[in-house]
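Listed below, chain by chain, are the residues.
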Amino acid sequence: MRTTLYCSHFRMAFKHSNVLVCAPLEHRSIQEMSASMEKAKSEGADIVELCLDSIPASSLAIPEEVGRLIMQRTLPSVVSFRLNSPRITKGGCKTTCLQVLKRALELDVEFVEMDYEVALDANMAFMYKRSKSKIIVSSYFNGERPSTEKLGDLVALMQSTGADVIKLEIAVDFITDIPPIFTMLTHCQVPLIAVAVGSRGLISQLLGPKYGGFLVYGSLEEKPVPGLPTIASLRQVYKLEHVNPNTKVFGLISNPVGHSKGPLLHNPTFRHTGYDGIYVPMLVDDIKKFFKTYICSDYAGFSVGIPHKEAAVTCCDEVHPMAKSIGAVNTIIRRPLDGKLVGYNTDCEASISAIEDALRERKFTGNGAQTSPLYGKIFVLVGAGGAGRALAFGAKGRGARVFIFNRNYERAKSLADAVSGEALPYECLEKFCPEKGMILANSSAIGMDPNSHQSPIPKESLKAYELVFDAVYTPKNTRLLKEAAEVGAIVVSGVEMFLRQALGQFKLFTGGLAPEGFMRKLVLEQF
Ligand SMILES: O=C1C[C@@](O)(C(=O)O)C[C@@H](O)[C@@H]1O
């Protein structure tokens, strides 16, 4: 009880309310660590972890240097020296470990963190009982997926060492390995830090405050760590101080996922509209397994990105007729009424309306206000994945003649058959020019960061097109769009499609209206 009270008082002492953001600092020298502490402070960290085992023992002068670092700290600190941690490849030296921790305890640094094995050392227990420092006792699992029961037993043992805070770090291979960590956080009676380590572990940090985690780790802007959010994103994008046990979780299921601007758009919009939600990137390998694992009603809605849009159809209990005919879902809602997963496609209307508006606005000479400017046009589509399907069905629905080019011809053929279009071998794209003034739409990932030097088609061939659209939105101005503009075509950026599909999603997520002006302004600022 004393500990719990202490910890909540400790948290309240911070300017950022109930969520502590901790920057773990791993460096080869005390000087670098000191400099990083200043950066962490300026980026908005509440606390730093001085990971002293990351400094080679030969260059670690204890007690002088370590003492100086602690005494001159400019942020509350955790001094850690782990024998069993992801940082150490050869295994740390126990003598050095004990000397470092002893020095930190003598100086009453705010927190001292040690491995469970070290905490069992009678000498150490004696020392930490005489210090004002709070003790974090930690355990690290690599390769093993401990069950919730095993974790529970371990926490009890760790607690019996007199720990004030327990820390569990579990290396995960898949996002579906994370839920036992959330279960532990929810049920644990002592202050607990429980995190999944690795690139698939990100949501264990972002959702930690929902489940009552003691703190959240964030990396420095200049030293990103896979699976750790940057401190800046925690402060400016996710604003975890708003997250509470009732917060609804929305996520982008995609692989890769890091390129997405979705979190930058949906999170501020939730706050702007007063909706209690958080939108997080979910690096998913197996979408079926994902939905079998994340069954809680708090996981209220999802965007679906590459390469999962087609497989997503089979994960839903119900699919909107338009998404069904397209054969791709980019939005899934867990219907509050009965918990059923319902799939939609907001890509189709988003992309086609963006193209139509650009034609109407800039060039269209008219075939009647009621008719789509795509009517009767040749619509050349590159790519036949989930986004390609939405474009092909949309264009066909507007009366365009659809031609599909895809590296895998069979996929192009099957989509072409579905929209009564024509599939052609990818190699023919360059010379394809049955008439001038065609529409070109790239739905493949060609040209997406980090491959922004690529384009699906040579510049010379673009002269045959009146309008060129690129579903890629990172970068905003892809090579394809730059070259299309240079040859005089109307260009429509994937950013416009991204915004419009997100507007549709936001309505489905919240059951309310999407503030279009606010979201458009955000998108313009972000890109
Ligand atoms: O294609 C996209 C883009 C997206 O995957 C993203 O990058 O945020 C989100 C999806 O909903 C959408 O259909």
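Residues numbered from 1 in each chain as written. Predicted model: local features only at pLDDT ≥ 70, side-chain atom pairs only at ≥ 80, totals over all residues. Heavy atoms only, no water.

> Pulling in residues and values, what's your account of the nonpolar core?
Judged by nonpolar contacts, the single largest core of 92 residues is most densely connected at L52 and M282. The element best represented in this core is helix α4 (residues 94-106), accounting for five residues. Once residues lying within four places of it in the same chain are set aside, the contact partners of M282 are I175, I203, V249, G251, L252, I253, S254, V257, F290, Y299 and F302. Among the nonpolar cores identified, the runner-up in size contains 34 residues, and A354, A400, L467 and F469 belong to it. (Core = buried A, V, L, I, M, F, W, Y, C linked by side-chain atoms within 4.5 Å. Buried < 20%, exposed > 50% of the residue type's maximum accessible area, 1.4 Å probe, protein only. Helix = DSSP H or I, 4+ residues; strand = E, 2+ residues; numbered from the N terminus. Contact = heavy atoms within 4.5 Å.)

> Explain the environment of H242 to me, and be specific about the residues and the numbers.
For H242, the location among the structural elements is in the loop between α10 (231-238) and β9 (248-254). Put simply, H242 and I170 are 72 residues apart on the chain and 26 Å apart in space, counted from C-alpha to C-alpha. In this structure, H242 is in contact with T247, R271 and D276, ignoring residues within four places of it in sequence.

> Any chance you could break down the UniProt feature "domain: Shikimate dehydrogenase substrate binding N-terminal" (unreviewed entry) in the protein chain for me, citing the residues and the numbers?
UniProt records the feature "domain: Shikimate dehydrogenase substrate binding N-terminal" (unreviewed entry) for residues 252-332 in the present numbering. Along residues 252-332, the helical share is 37% and the strand share 25%, with 10 Å between the first and last C-alpha atoms. (UniProt positions renumbered as here; feature names shortened; annotations may be inferred.)

> Account for the sheet that holds strand β2 (residues 47-51), with residues named and values stated.
Spatially, eight strands are ordered β7-β6-β5-β4-β3-β2-β1-β8 in an open sheet, and the strand pairing comes out parallel. The outermost strands of the open sheet, each flanked by one partner alone, are β7 (192-197) and β8 (216-217). Looking at chain direction, strand β1 (residues 21-25) and β8 are connected through two bridges and run parallel. Each residue of the ladder has a partner; that of C22, found in β8, is Y217. Sheet contacts for α10: β1 and β8; angle to β1, the most-contacted strand, approximately 160°. (Pairing = 2+ DSSP bridges. Axes fitted to C-alpha atoms, helices over the stretch in contact; angles between N-to-C directions.)

> Can you explain the packing of aromatic side chains? Please cite residues and give values.
For the coordinates displayed, the defined rule picks out 18 aromatic pairs. Seen from their ring centres, F403 and F432 are 5.1 Å apart, and the 50° between their planes marks the pair as tilted. Of the two residues, F403 sits in strand β16 (residues 401-406) while F432 sits in the loop between β17 (422-425) and β18 (438-442), which places them 29 residues apart along the sequence. The exposure class assigned to F403 is buried, which follows from its relative accessible area of 13%. With a relative accessible area of 13%, F432 lands in the buried category. Following the ring pairs from residue to residue traces out a cluster consisting of F250, F270, Y275, Y279, F506 and F509. Over the aromatic face of Y211 sits the side chain of K210, whose NZ or CZ is 5.9 Å from the ring centroid. (Phe/Tyr/Trp six-rings, centres within 6.5 Å; stacked < 30°, edge-to-face > 60°. Lys NZ or Arg CZ within 6 Å of the ring centre and 35° of its normal.)

> Can you tell me about the site of the ligand, naming the residues and giving the values?
Around the ligand, 13 residues are found, and the nearest of them are S260, K309, D347, Y473 and Q505. The contact in question runs from an oxygen atom of the ligand to an N or O atom on the side chain of Q501, over 3.0 Å. The fraction of the free accessible surface of the ligand (320 Å²) that becomes covered by protein chains is 90%. Elements with a contribution of two residues or more to the shell around the ligand: β11 (299-304) and α19 (494-510). Counting residues per element, the shell around the ligand draws most heavily on α19, which supplies three residues. (Near = heavy atom within 4 Å. Polar contact = N/O pair within 3.5 Å; in protein donor to acceptor, adjacent residues only side chain to side chain. Areas by Shrake-Rupley, 256 points an atom, 1.4 Å probe, with all protein chains shown as cover.)

> I'd like a rundown of the sheet that holds strand β13 (residues 331-334), residues and numbers included.
With mixed pairing, the six strands of this open sheet are ordered in space as β10-β9-β11-β13-β14-β12. Pairing within the sheet leaves two strands with one partner each, and these edge strands are β10 (277-283) and β12 (318-319). As paired strands, β9 and β11 are joined by five bridges and run parallel to one another. Within β11, the position partnered with L252 by the bridge is S303.

> Account for the side chain of S493, with residues named and values stated.
For S493, the location among the structural elements is in the loop between β20 (490-492) and α19. Since its relative accessible area comes to 15%, S493 is described here as buried. Reaching out from S493, the side chain makes a polar contact with the backbone nitrogen of V495 at a distance of 2.9 Å. Once residues within four sequence positions are removed from consideration, S493 is found in contact with F469, D470, K476 and L481.

> Mind laying out the UniProt feature "domain: Quinate/shikimate 5-dehydrogenase/glutamyl-tRNA reductase" (unreviewed entry) in the protein chain, listing which residues take part and the relevant values?
Mapped onto this structure's residue numbering, the UniProt feature "domain: Quinate/shikimate 5-dehydrogenase/glutamyl-tRNA reductase" (unreviewed entry) falls at residues 374-440. Its end C-alpha atoms 11 Å apart, residues 374-440 is made of 33% helix and 27% strand.

> Explain the environment of S42 residue by residue, including any values.
Summarising the element assignment, S42 is placed in helix α2 (residues 30-43). The exposure class of S42 is exposed, given its relative accessible area of 63%. Through-space distance from the C-alpha of S42 to that of F290 is 37 Å; in sequence the pair is 248 residues apart.

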